Amino acid sequence: MDLIQKVKNRQRLTQEEAVALYDLDLFTLGKLADDIRQEKFGKKSYFNINRHINPTNVCADICKFCAYSASRKNPNQYTMTHEQILNIATEAIESGAKELHIVSAHNPNDGVEWYMGAFRKVKEKFPDVHIKAMTAAEVDFLHREYGLSYDEVLDMMIANGVDSMPGGGAEIFDEEIREYLCKGKVTSAQWLEIHKKWHQRGKESNATMLFGHVESREHRIDHMLRLRDLQDESGGFNAFIPLVYQKDNNFLRVEKFLTAHEILKTYAISRILLDNIPHIKAYWATSTINLALIAQEFGADDLDGTIQKESIQSAAGAKSANGMKMDEFISMIKNAGFIPVQRDSLYNELEVYDD
Ligand code: SF4
């Protein structure tokens with residue numbers, strides 16, 4: 001059957017068929033993705049008021065694409081105390097943040113309690129704030145460093161106030177590329193196992209894909225299909241977040257960077273392929289806000305949030321260090337022809353700006 005017709009019939013595509021989607025012209029592909037997006041969400045575009053906190057950049061692992069870790073090119077090591085984390089959380093919540101997105105490097109110096117105590121203290125002071133914390137890579141790090149099982153780490157997260165897991169650390173699942181990019185870090189199978197265990201606890205998470213470095217189109221499709229398979233089984237992914245590789249201050253040599261055309265095609269294909277993951281997020285910190293706004297017409301229905309402050313992507317060249325003001329964010333979505341919807345971390349609608 002014709003590939004386009006198969007997408008229109010909402011039939012699932014094989015790996016080969018999915019790769020062939022890249023050969024469609026951008027606007028045909030965009031229309032197919034937009035039809036699915038509109039079927040699910042109309043013109044609504046979701047965002048939340050969140051604050052990213054990155055409590056340490058000291059890292060025991062070495063990923064070639066990373067500009068954030070203090071063990072590589074960044075000589076400025078830092079590790080926040082619980083008091084500093086609590087102060088940032090207080091400031092963020094007082095200025096409206098409903099979600100704290102807490103992600104760290106793999107710091108071998110301060111022990112499990114440094115990680116868990118931070119969540120607990122924030123939650124004790126602010127029981128209503130949603131804590132999204134601990135990538136599967138961090139879970140695996142605590143397992144490797146302190147001999148804890150994945151189950152033990154996940155249960156500790158829940159006991160200490162973590163509500164959901166972010167999607168980081170997935171990078172690209174292909175084992176050969178992964179070995180080249182981030183040997184020693186959580187493997188693809190382990191990343192998927194950790195999220196499955198989290199979902200089995202009735203908890204939700206997101207999934208990322210880092211693309212635009214040394215991977216091929218086939219690797220991107222393989223990555224998405226492995227997520228689709230797990231989602232069929234465990235059902236706990238809320239959003240898929242394609243992260244555009246940032247090129248500054250790292251050790252990865254990439255000759256050719258992605259065009260906006262290829263990035264938009266990738267958003268569109270993810271919308272088509274991931275029929276069981278509700279939201280496709282154009283994370284503006286890596287795609288640029290302009291491209292994220294356009295991505296709304298190519299399948300994306302979520303633009304993440306105001307962020308307030310961000311250290312990981314901005315270390316590698318992204319223009320996200322100081323986040324964005326909410327009014328500005330809302331008017332940009334409106335001006336692009338979409339309806340901004342403020343959501344909570346689990347996509348319950350809090351306010352629809354449709355005036
Ligand atoms: S990507 Fe994460 S795990 Fe890898 S070096 Fe950077 S901080 Fe460490």
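Residues numbered from 1 in each chain as written. Predicted model: local features only at pLDDT ≥ 70, side-chain atom pairs only at ≥ 80, totals over all residues. Heavy atoms only, no water.

A.B. asks: Account for the overall build of the protein, with residues named and values stated.
C.D. replies: Tallying secondary structure elements over the protein gives 15 helices and 10 strands in all. Its C-alpha atoms give the protein a radius of gyration of 19 Å, near enough to 20 Å, the size a compact globule of 355 residues would have. Taken across its 355 residues, the protein has 60% of its residues classed as buried. Counting only contacts in the protein whose residues sit at least 6 apart along the sequence, the fraction spanning at least 24 positions is 73%. In the form shown here, the protein has an accessible surface area of approximately 14100 Å², with 49% of it arising from carbon and sulfur atoms. Across the protein, the centroid of the 42 positively charged side chains sits 2 Å from that of the 53 negatively charged ones. (Helix = DSSP H or I, 4+ residues; strand = E, 2+ residues; numbered from the N terminus. Rg over C-alpha atoms; globule rule 2.2 N^0.38 Å. Buried < 20%, exposed > 50% of the residue type's maximum accessible area, 1.4 Å probe, protein only. Contact = heavy atoms within 4.5 Å. Areas by Shrake-Rupley, 256 points an atom, 1.4 Å probe, with all protein chains shown as cover. Lys, Arg positive; Asp, Glu negative; His and termini not counted. Charge placed at Lys NZ, Arg CZ, Asp CG, Glu CD.)

A.B. asks: Report on the sheet that holds strand β1 (residues 44–48), specifying residues and quantitative values.
C.D. replies: Taken in spatial order, the four strands of this open sheet run β8-β1-β9-β10, and their pairing is mixed. At either margin of the open sheet sits one strand with a lone partner, and together these are β8 (302–305) and β10 (349–352). The average undirected angle you get between the axes of adjacent strands in this sheet is 30°. (Pairing = 2+ DSSP bridges. Axes fitted to C-alpha atoms, helices over the stretch in contact; angles between N-to-C directions.)

A.B. asks: Any details on the site of the ligand? Residues and values, ideally.
C.D. replies: Around the ligand sit C59, D61, C63, F65, C66, S69, A105, H106 and K185, and those are all the residues in its vicinity. Of the residues in the shell around the ligand, the class split is five nonpolar, two polar and two charged. (Near = heavy atom within 4 Å. Nonpolar A, V, L, I, M, F, W, Y, C, P; charged D, E, K, R; others polar.)

A.B. asks: How would you explain the nonpolar core if you had to name every residue and give the values?
C.D. replies: Of all hydrophobic cores here, the largest spans 111 residues; its most connected members are M134, M157 and W191. Those residues in contact with M134 that lie beyond four places of it in its chain are I102, Y115, M116, F119, V139, L142, V153, M157, M165 and P166. Counting residues in hydrophobic clusters, the runner-up holds five residues, among them F41, Y46, A239 and Y347. (Core = buried A, V, L, I, M, F, W, Y, C linked by side-chain atoms within 4.5 Å.)

A.B. asks: Before we move on, could you go through the pairing of strand β9 (residues 339–343) and cite the residues and values that matter?
C.D. replies: Counting buried positions along β9 yields four of five residues, so the element is predominantly enclosed. Sheet analysis places β9 next to β10, joined by three bridges and oriented antiparallel. Note that in β10 the partner of V341 across the bridge is V352.

A.B. asks: Lay out helix α5 (residues 111–125) with the relevant residues and their values.
C.D. replies: Its 15 residues give α5 an end-to-end C-alpha distance of 22 Å, which sits within 8% of 21 Å, the value for a rise of 1.5 Å per residue. Where α5 bends most, at G117, the angle is about 25°. Buried within α5 are the following residues: G111, V112, W114, Y115, M116, G117, A118, F119, V122 and K123. Residues of α5 that are buried make contact with α4 (82–94), β3 (99–102), β4 (130–133), α6 (136–146) and α7 (150–159). (Expected span 1.5 Å × (residues − 1). Bend = angle between axes of the 7 residues up to and from the residue.)

A.B. asks: Before we move on, can you summarise the packing of α4 against α5 with the specific residues and values?
C.D. replies: At a minimum axis distance of 10 Å, the contact between α4 and α5 shows a crossing angle of 35°. α4 and α5 meet at a crossing whose hand is right-handed. Here α4 contributes H82, I85, L86, A89 and T90 to the contact with α5, which in turn contributes E113, W114, G117, A118, K121, V122 and K125. (Left-handed = near helix turned anticlockwise from the far one by under 90°.)

A.B. asks: Pulling in residues and values, what's your account of the environment of D155?
C.D. replies: Its place among the elements puts D155 in helix α7. What makes D155 partly exposed here is its relative accessible area of 39%. Considering only alpha carbons, one finds D155 and Q296, 141 residues apart in sequence, at a separation of 36 Å. Of note is the side chain of D155, whose polar atom sits 2.7 Å from the side chain of R201. (Polar contact = N/O pair within 3.5 Å; in protein donor to acceptor, adjacent residues only side chain to side chain.)

A.B. asks: Requested: an account of the packing of aromatic side chains, with residues and values cited.
C.D. replies: Following the criterion strictly, the structure yields 10 aromatic pairs and no others. Ring centres of Y46 and Y347 lie 6.1 Å apart, and the angle between their planes is 75°; on these two criteria the pair is classed as edge-to-face. Residue Y46 is found in strand β1, and its partner Y347 is found in the loop between β9 and β10; the two are separated by 301 residues along the sequence. Here Y347 falls in the buried class, since its relative accessible area comes to 10%. For the ring pair W114 and Y115, a centre distance of 5.0 Å and an interplane angle of 85° mean the geometry is edge-to-face. In this pair, the class of W114 matches that of Y115, namely buried. Pairwise contacts between aromatic rings join F41, Y46 and Y347 into one cluster. The ring of F257 is capped by K247, whose NZ or CZ atom sits 5.8 Å from the centre of that ring. In this structure, R343 is placed above the aromatic ring of Y347, and the distance from its NZ or CZ to the ring centre is 4.1 Å. (Phe/Tyr/Trp six-rings, centres within 6.5 Å; stacked < 30°, edge-to-face > 60°. Lys NZ or Arg CZ within 6 Å of the ring centre and 35° of its normal.)

A.B. asks: Which residues make up the sheet that holds strand β5 (residues 205–211), and what are the values?
C.D. replies: An order of β5-β6-β7 is seen for the three strands of this open sheet, with the pairing classed as parallel. With partners counted over all chains shown, the strands left at the sheet margins are β5 and β7 (279–280), one partner each. The pairing of strand β6 (residues 237–244) with β7 spans two bridges and is classified as parallel. Bridged to A239 within β7 is H279.

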